[in-house]
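Listed here are the chains, written in short residue letters.
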Amino acid sequence: MARWFLAACLLVTVIAVQSLIVPRGYRLDLHPYPGDGVFKGKVRIDIINTGNQSVDSVTLDVHSTLNVVDREVKVTRVANLDSSEEDEVSMEETSLTVTKLEKRKDIHKFQITTKQSLKKDVTYQVEILFDGTLGSDSSSPFYQSTYSNSKHSQLKKWYVVMNLLKGEGAHYVFPCFEKPNLKTWIELSVAHKGDFHVLTTMPLVDTTNVTSEGVWVRDHFSRSPPMSVNSLAMFQSDFKHPPMGENNGAKVGVWGKEDILRSLNTAQKMLPAVLVNLELYLSRPYPLPELNLVALPGYTDDKPIDAWGLQMFREVDLSKKRDDFWVAHLLAKYTSLQWTDHLTTPLFPTSLTLALSKFLADKVAWQLEKPVFNSYVSDMYGMYLEYDKPGFTEIKSQMEALNATKIRFVLGMLEHIFGPHSFRQTIQYFMSSKEYHAYSETDFWNKLSDGAYHAGVLIRNKTPVSIEQIVRPWLQADRLPVVTFRRNYINTTVQVMQEPFVLNDDEDDVSSPAKNTKNYLWWIPNIVVSQNNLTVPVRNISWLKPIASQEVEMKQYNFTNNQFVLFNPGSLGPFIVNYDLKNWELIAQHSKRFPVSIRQQLLHDSLTLALSGRLCYVYAFNVSKLIEQEPEPAVWKTYFGLATRLRTKFQGTPVAPKYDIYLKKMLKSVNAALEQPERSESSWKANFRAENKRLLCETGHPTCLTEARDVQSRTNTSNPDEDKIFLDNYLCILLGYGTLDEWEFGLHRIMYYPKNKSQTERLFIFRSLASCPKNETKFVRMLNLTLMSGDHKFSEEDMLTMLTVMSTVSLGHETMFKFMMKNFEYLSTKLEKTVWEYFVKTSFNNFRTEEGLNKATEFYQRNKRHFVSVDDIIKNALEKVRIQVDWVRKHLTPLDGWLTNALQEPWRPHEFQFRDVPSFVVG
């Protein structure tokens, strides 16, 4: 404990001294040796003492893996021709005597102590030679790797990447002051072989020979504007680029291997326009002479290596043929970081930076290309499911992505309340105040508060008093709210209640909505439209306080008791809205078509509320009946995911087959309208067709099996792209509706699956074998092979996986129970304890009908003496079944009647016509 306390005290002292000494410039010379796996370099740092008194030491950030050549450490007082000192010392360059070098490997600090003091406001230069090891992949801040220019080439070529934002990586590569706020200029030079070239933050100004023959040369790059050291990057290769574009004098290029140059053309042509639109929105010109993007072979992270003036992407992100909107959005999302991560830099890692980039990408991409789908709405609706995934808080990258997406929704909500023009001016105000400086999240929200008062969004001496006060609950909660809007039909007041939305956090209790134990409350924008006027207000929007329940006066909206009211129309804010039952009825009875965004919201909110136990299914299906004649792909896209969840929820109940028939009737019309695939069609249309076809095939559409067999016959399984298309879209159809021999085809693939191939693919095929079949024979075959066979082809993990996925399918679960009844004695004695107990649990606890409950109870009572070791497991399972049977009786019996009536009604032909550009764009 004493040792840690001493280290902490030393660290505080070091930081205090270091904060007085600040950098005024870097001259950095690097010499990587690709192939040998090492690098060496020299850095000369101009420093100045900004404190009120002299000091005798300088502390730099140096990682313990970086080797400093102690004997070459020098400190020099730089000649200052502008000095006002009377003596002539300042006119000369003077060497200081280094008395002590201390490398603290535990805190990655390097302290240089000098005999002479470093005086206030005098410039000194620290010169250090160093060397280190190049990493072998992108997890390292400085690494080497190889590539070949074609699939058939055996010649491997080296490239070198410096990625200093990776874990604050600058101090891994060279001694420096790593704090983001210590911005200053950098002059970089890099030595390399003459047949390579180097890309970095600034353009090349000169090349000199390192060896007399010119085998090795050194590239010298121009001095940068003030920047953080971690904004620097470098890429050494022999890559080429399509013809470069220009953006107001700045060169912009997309680089890649020679064999993919043609596929980089779209990104190269789009990049200048993206930059122009970012400049216009931010009212700040691109601050550097060049911007280079690299399609990096072997790089697998979906987030590119991001540095000032240089960004490196996965090859597929820049080279794969995609819709122009997708390309524009990708480029805008990451090139916007040139302003928000480098021109101004966050003091600490924050999800706000990525959220801003997503927000700006939406603005720019919508300006440049007509969008094919409102991904903003899709992402928002997906978040409710993400927050309900078990263990989501334990995966750091997943939490960061969720937080960034959530903040992006909050920014969109604020933009509506400010008004687009005022919000844009406020963002510009923030950028102008922080360019070439660092910022905190509080700085950003404070600037928005200033803009909010100027725009009348906030009012002096009234709550909320700041934008940060509004957004803080949204940022801190790991949930999104559900707001219940309950009208008082005697007067014009409304009771507004809020709570965190939880889909279902207890799988054993589906009798009531899941509750969140955390007491989250939010500031909610009070945005209301009524049947009289669906125009969304954009001015004088008030905020509902973060109170669990409050009464709000609504007479200003001028509606009658027989007219519906919509709260948060079109999901302007990231929250679900529930209503009293009469208001839901009035919405369902509305004869005119709502705007697209409201139709999406009504579908999502009503069915999600039903799935979470907060709304009767009949009311939800009355509202969602609008989908029967829905002409817009964007609305169908919202419904596809909901329909999949509904089919899962109804498994094993009398409602399931009726819902499948209802769903099939609607999907057949959509499928017919899509026609045959065309080579020139958008990927959005192709993906839409695939989603519709997948869902249609799950309901038993007869043509699906013929198509799956046709695709299988044309698929080359040795081609990963072709094989993936077949596996993702057709394998389950073939395994489910095909012959036993065709099911055995899938079984053969996993039984002899190569150990050097992706095990993710094997797991996918294995899960499909256990969940896709539509007849009992295949399920029995699977159970025999995994549980009864003695050839040990399947591990215990395989067995548990099979039992899990098979039990979620009604026929699979019933087959498991029959299999257990027939083979009870063998299974109870031969299976491992873990597998046997899990088999008993999954076989008993998934019945959802009275008949199933009676069958399970009778079997248990008849064989009770044999179940001593698993008695508690069975009792708990049967109790869960009783709850589920009661839930089905209470909640799905009315829906059963609704579906029966709906299927008896005359079915009008669907008027669906696919359009690549939805109506929310064209009018």
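An account of the accompanying structure is given in this report.

Cut-offs applied
Residues numbered from 1 in each chain as written. Predicted model: local features only at pLDDT ≥ 70, side-chain atom pairs only at ≥ 80, totals over all residues. Heavy atoms only, no water. Buried < 20%, exposed > 50% of the residue type's maximum accessible area, 1.4 Å probe, protein only. Helix = DSSP H or I, 4+ residues; strand = E, 2+ residues; numbered from the N terminus. Pairing = 2+ DSSP bridges. Axes fitted to C-alpha atoms, helices over the stretch in contact; angles between N-to-C directions. Expected span 1.5 Å × (residues − 1). Arc of directions from axis to C-beta. Polar contact = N/O pair within 3.5 Å; in protein donor to acceptor, adjacent residues only side chain to side chain. Contact = heavy atoms within 4.5 Å.

Counted residue by residue, strand β25 (residues 493–500) has six buried out of eight residues, so it is predominantly covered. The turn linking strand β24 (residues 481–487) back onto β25 is made up of five residues. Of the pairings in the sheet, the one linking β25 to strand β29 (residues 549–553) comprises five bridges and is antiparallel in character. Considered in β29, the bridge of Q495 is made with E551.

The next point concerns the sheet that holds β29. Backbone hydrogen bonds are what pair the strands of a sheet, in a parallel or an antiparallel way. In space, the four strands of this open sheet follow the order β29-β25-β24-β31, with mixed pairing throughout. The sheet terminates laterally at β29 and β31 (576–579), the two strands that pair on one side only. Neighbour to neighbour, the strand axes of the sheet diverge by 25° on average, direction disregarded.

Before going further, it helps to spend a moment on helix α24 (residues 776–788). A turn of α-helix holds 3.6 residues, and therefore any two residues three or four places apart point the same way. With 13 residues, α24 extends 17 Å from end C-alpha to end C-alpha; this agrees with the ideal 18 Å at 1.5 Å per step. Residues K778, F779, M782, L783, L785, T786 and L787 constitute the buried set of α24. End-on view of α24: buried residues confined to an arc of 170°, all on one side of the axis. Measuring from the backbone nitrogen of T777 back to the side-chain oxygen at the start of α24 gives 3.2 Å, which picks out N775 as the cap.

A word on the environment of L642. Note on placement: L642 falls in helix α16 (residues 633–650). A relative accessible area of 2% places L642 in the buried class. Sequence separation between L642 and E369 is 273 residues, and the spatial gap between their C-alpha atoms is 29 Å.

Moving on: the side chain of T335. With respect to the secondary-structure elements, T335 resides in helix α5 (residues 324–335). T335 sits in the buried class, given a relative accessible area of 0%. Every residue in contact with T335, bar those within four places of it in the chain, is listed here: L271, V274, L275, L278, L291, L293 and Q311.

By themselves, these observations are geometric and do not establish any function.
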